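Structure at a glance
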Amino acid sequence: MLEPDPRDSQAQALLERVLAVPQVSPGRRGRRRLVAAVAGATVAAAATAFVIAEPAAAYTVDKHADGSIAVSFRADRLKDTDKLNAELARAGARTVVMRMVPADQCTTPLDMDPMFPFLTTATPEQLNRYPVSYQFQDTGVVITIRPDKIPAADALAFGYAIRNDRDGRTTIAVPAVVRTLPSCMAIPNRPRR
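A few points on the structure. Nothing here was measured: the structure is a model prediction, and the numbers come from that model.

1. Considerations on helix 3 (residues 82-91)
Along helix 3, the residues classified as buried are Leu84, Asn85, Leu88 and Ala91. Down the axis of helix 3, the buried side of the element spans an arc of 120°, and every buried residue falls inside it. Looking at helix 3, the residues exposed on the side facing more than 90 degrees away from the buried face are Asp82, Lys83, Ala89 and Arg90. Against the buried residues of helix 3 lie strand 1 (59-63), strand 2 (69-73), strand 3 (95-99) and strand 5 (140-145). Just downstream of helix 3 lies glycine 92, where phi reads positive at about 80°.

Written out as structure tokens, the structure reads:
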């Protein structure tokens, strides 16, 4: 069972209503504590019921003290990126996540910053210079964005897709530091064997 999330908007709204109750006279203090305890239990129950009723989140966004932003998402569950991109904007990530489309549906090349080319192999120093790192885990794609390393006029476009191969489903992720945000990102061609 998941713990209630006190940042949940429903829980916060209920807490604000409880805290807005006017102060009572000293003779009624015990009743107010009971009301507050019941309201607190109601907030926890409402948040717990909300968490249990909802399927596992398609994504999470966490801003760290060092300014980096951790994003995780399940490509198979992330159908609409609008909410994720709004959260990234609020966090100051200067990043847009988009589902990639077949190459014949996206023929415009990316306007990539030449300082950040695609690397198939890289030294640790080269990787440290990049504003993004990512890895695949059983729970999905985990991205770490470092907005302070994105040049002021650029943004990060992070494309993802799921490809069905002979070996099963493969998640594809393509980060690109771009000078102009693209309207689409093309799924890369399969590597030749």
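2. A word on the state of the cysteines
A covalent bond between the sulfur atoms of two cysteines is what we call a disulfide. For the structure shown, the criterion picks out one disulfide. Between the sulfur atoms of cysteine 106 and its disulfide partner cysteine 184 the distance amounts to 2.0 Å. Judged by the torsion about the S-S bond (90°), the cysteine 106/cysteine 184 disulfide is right-handed. Here cysteine 106, found in the loop between strand 3 and helix 4 (124-129), pairs with cysteine 184, found in the segment after strand 7 (168-178); they are 78 residues apart in sequence, far enough to count as distant.

3. Re the sheet that holds strand 7
One key point about sheets: their strands pair by backbone hydrogen bonds, in either a parallel or an antiparallel sense. Ordered by their spatial adjacency, three strands build an open sheet running 3-6-7, and the pairing between neighbours is mixed. The open sheet terminates on both sides in strands that have one partner only, identified here as strand 3 and strand 7. Direction aside, neighbouring strands of the sheet carry axes that sit 20° apart on average. Pairing of strand 3 with strand 6 (residues 155-165), which is carried by five bridges, proceeds in the parallel orientation. When the bridges of strand 6 are listed, arginine 99 appears paired with tyrosine 160.

About the thresholds
- Per-chain numbering applies: the sequence of each chain, read as written, is numbered from 1 onward.
- Totals for whole chains, interfaces and linings use all residues, but because this is a predicted model, local features are given only for residues with pLDDT of at least 70 and pairs of side-chain atoms are given and counted only at 80 or more.
- Calculation of side-chain values draws on the structure's entire complement of heavy atoms; hydrogens and water are dropped beforehand.
- Partly exposed residues are those whose accessible area sits between 20% and 50% of the maximum for their type, while under 20% is buried and over 50% is exposed, using a 1.4 Å probe and protein chains only.
- Secondary structure is summarised from DSSP: a helix means a run of H or I of at least four residues, a strand means a run of E of at least two, and numbering begins at the N terminus for each.
- What the arc describes is the spread of directions from the helix axis to the C-beta atoms.
- Contact between two residues is taken to exist if any of their heavy atoms lie within 4.5 Å; hydrogens are not considered.
- We call a pair of cysteine sulfur atoms a disulfide whenever their separation is within 2.5 Å.
- Two strands are counted as paired when DSSP detects at least two bridges linking them.
- Only the contacting stretch of a helix is used when fitting its axis, a line to C-alpha atoms as for every element, and angles between N-to-C directions run 0 to 180 degrees.

Read these as geometric descriptors, not functional statements.
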